[in-house]
Amino acid sequence: MKIVSINTIRFPLLSLLATLLIGCAAPTEYVDRDDSGPATVGLDYRDFETAAGTAVESMISSGAVDNPSGGRYVMTVSTVINDTMQRIDTDQLTKKIRVELLNSGKVVTTTAVGIDGPEDAMVQRARELRNSEEFDQRGVQQRGTLQAPDLSLSGKIIQRNHRIDNRRQQVEYFFQLTLTDLATGLGIWENETPIIKRTSNRSVAW
């Protein structure tokens, strides 16, 4: 009598089950960025684009980034606090703002200054090549070439959940931003962009 191992039966069955699951899975599709499809209870790319676009439009129209000398202000990004229930990277917001400000021709961002040190460590590393016999000193960055920031961008993303009734809840997000003049320490521009969503109480916003 031939004895059949349980493993001999189990592994083919698992393989067959995995194949069936893959075959039944919905196909992956690209999403058009302009698609106003189903909203999510959490923050999605459309919310960040809305908040960043609104902030830049407000900043430019207010005249806060109009340099009287005609040049471009140098901005650094300070702390943007995530006070939501979600694990989000606040760079998703600040990067969009930086790109739009750069494209406006009014502001450039320094990557040599940051709360936790230079954003681009190579700025300092390149200057460590001074007096090295291995490098042509004519191409090494000299002292006094870095540009200090004029402005600092800081902010906070807040989430508040409110129960409407037994079936629905309202989830409120507030994108709060401040632009500070580093010479005076004064906030020369502030903006708050609210994004409000209503959904089922069964939905979880994290």
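Everything here concerns the structure above.
Here is a short report on the structure shown in this document.

**Remarks on the sheet that holds strand E2 (residues 107-109)**
Strand order in this open sheet of five strands is E2-E1-E3-E4-E5, and the pairing throughout is mixed. The open sheet has two free edges, formed respectively by E2 and strand E5 (186-200), since each of these has just one partner strand. Pairs of neighbouring strands in the sheet enclose a mean axial angle of 30 degrees, with direction left out of account. Summarising the sheet, strand E4 (residues 168-181) and E5 pair through 14 bridges and their orientation is antiparallel. Paired with Tyr173 across the two strands is Ile195, which belongs to E5. Across the sheet, helix H2 (residues 45-62) is in contact with strand E3 (151-163), E4 and E5; its angle to E5 comes to roughly 150 degrees.

**Concerning the side chain of Thr178**
Its location among the elements puts Thr178 in strand E4. On the accessibility criterion, Thr178 (19% relative accessible area) is buried. Thr178 has contacts with Ser152, Leu153, Ser154, Gly187, Trp189 and Glu190, leaving out every residue within four places of it along the chain.

**A short note on the pattern of salt bridges**
According to the stated counting rule, one finds eight salt bridges in the structure shown. Two residues, Arg160 and Asp83, come together in a salt bridge whose shortest N-O distance is 3.7 Å. With Arg160 in strand E3 and Asp83 in strand E1 (residues 73-83), this residue pair connects regions lying 77 residues apart in the sequence.

**With respect to unusual backbone geometry**
Backbone geometry places Asn131, a non-glycine residue, at a positive phi of 70 degrees. Position of Asn131 relative to the elements: it lies in the loop between helix H4 (122-127) and E3. The class of Asn131 is exposed, set by a relative accessible area of 72%.

**Concerning the side chain of Thr94**
Tracing the chain through its elements places Thr94 in helix H3 (residues 91-104). With residues up to four places along the chain from it excluded, the contact list for Thr94 reads Val77 and Val80.

Cut-offs applied
- Residues numbered from 1 in each chain as written.
- Predicted model: local features only at pLDDT ≥ 70, side-chain atom pairs only at ≥ 80, totals over all residues.
- Heavy atoms only, no water.
- Pairing = 2+ DSSP bridges.
- Helix = DSSP H or I, 4+ residues; strand = E, 2+ residues; numbered from the N terminus.
- Axes fitted to C-alpha atoms, helices over the stretch in contact; angles between N-to-C directions.
- Contact = heavy atoms within 4.5 Å.
- Buried < 20%, exposed > 50% of the residue type's maximum accessible area, 1.4 Å probe, protein only.
- Salt bridge = Lys/Arg side-chain N within 4 Å of Asp/Glu carboxyl O.

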